[in-house]
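# Structural characterization, general
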Amino acid sequence: MGSRTFPSSPPVTIRRAVAQDAKRLTRLVRGSGAYAGKYAAAVAGYRVGPDYIEAHRTFVAVGGEEHGGRVLGFYALVLAPPELDLLFVADEAQGRGIGRLLVAHMQAEAGAVGLDCVKVVSHLPAEDFYQRVGAVRTGTEPANPPAVPWDRPTFEFRIPSE
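Along each chain, residues carry numbers from 1 onward, in the same order as the chain's sequence is written. Confidence filtering applies because this is a predicted model: local features only for residues at pLDDT of at least 70, side-chain atom pairs given and counted only at 80 or more, and all residues used for totals across whole chains, interfaces and linings. Values reported for side chains reflect all heavy atoms of the structure, with hydrogen atoms and water molecules removed beforehand.

Attention now goes to the nonpolar core. Among the nonpolar cores identified, the biggest contains 28 residues, and L84, V118, Y130 and F157 are the most heavily contacted of them. Secondary structure follows DSSP: runs of H or I at least 4 residues long count as helices, runs of E at least 2 residues long count as strands, and numbering of each begins at the N terminus. For this core, the elements supplying multiple residues, two or more each, are β2 (12–16), β3 (57–63), β4 (71–78), β5 (83–89), α3 (98–112), β6 (117–121), α4 (127–132) and β8 (152–158). Of all the elements, α3 adds the most residues to this core, at 6 residues. Whether two residues are in contact is decided by their heavy atoms: any pair within 4.5 Å suffices. Leaving out residues up to four positions away in the same chain, V118 has contacts with L77, P82, E83, L84, M106, A110, F155, E156, F157 and I159. As used in this record, nonpolar core signifies buried Ala, Val, Leu, Ile, Met, Phe, Trp, Tyr and Cys residues forming a set joined through side-chain atoms within 4.5 Å. Burial status follows relative accessibility: with a 1.4 Å probe on protein chains alone, a residue under 20% of its type maximum counts as buried, one over 50% as exposed, and anything between as partly exposed.

In C-alpha cells:
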C-alpha cells in the first residue's frame, strides 16, 4: 500500500517508515507513558533501528501542518510468523483515532500480502484498546524475565480475504 490519508481531525497520513525515522520511533517507544513506573524496564534500552525498519513492514502516522509533519504513531507488521510486533501512538496524540487508523492500515497490509490472521502480544495497559478495535483474545503469553516479568494477554486480528 502506498501513502494514504485517512479522515480524522486533524489530518493524518500513513506512510512507510524509512531509516531516518529510526531515532524518532525509538524515542516514541521509550517515552511512552504506557511504559512508566513498573513497566519502564521493558523499554529502557529498546531501539527501533534502520535494520528493523528495513526487515519489517513498518509504517508511521504523520500529522498534518498543524503538527509540523511530526510522527504521531507507528506500527510494525512481522510477516513470518504473522505478528503485530509494535504499535505506539504518542501520548499527546492518543484519543484521536490514530491507533484505530494504524490498526486498519495494518489489516489492509496483512490482507494485501495474503495473511488471514495477525497475532498480538499485548502490553497490559493496551488490552482494552485491542478489544475495542476488534482483536479477539486468544490466551496469555507467560512472563519473560528480566525484561518482561509479567504475563501478557495475546490477541488475534482475523483478516478477511478479499
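Right, picking up where we left off after that structure.
Time to look at the side chain of T26. Tracing the backbone shows T26 in helix α1 (residues 22–30). A residue is classified by how much of its surface remains accessible, and T26, at 10% relative accessible area, is buried. When sequence neighbours within four positions are dropped, the list of residues in contact with T26 reads Y46, R47 and V48.

This paragraph deals with the environment of A17. Assignment of secondary structure puts A17 in the loop between β2 and α1. In the structure, A17 is positioned 13 residues away from R30 in sequence and 18 Å away in space, judged by C-alpha atoms. Excluding residues within four positions of it along the chain, A17 makes contact with L25, I53, T58, F59 and V60.

Right, let's get into the pattern of salt bridges. Definition used for salt bridges: Asp or Glu carboxyl oxygen within 4 Å of a side-chain nitrogen of Lys or Arg. This model, assessed by the stated rule, comprises 8 salt bridges. Between E109 and R57 there is a salt bridge; the shortest N-O distance is 3.0 Å. Here the residue E109 occupies a position in helix α3, and R57 occupies one in strand β3, the gap between them amounting to 52 residues. Judged by its relative accessible area of 1%, E109 is buried. Between R158 and E156 there is a salt bridge whose closest N-O contact spans 3.1 Å.

No statement about biological role is implied by the geometric values presented.
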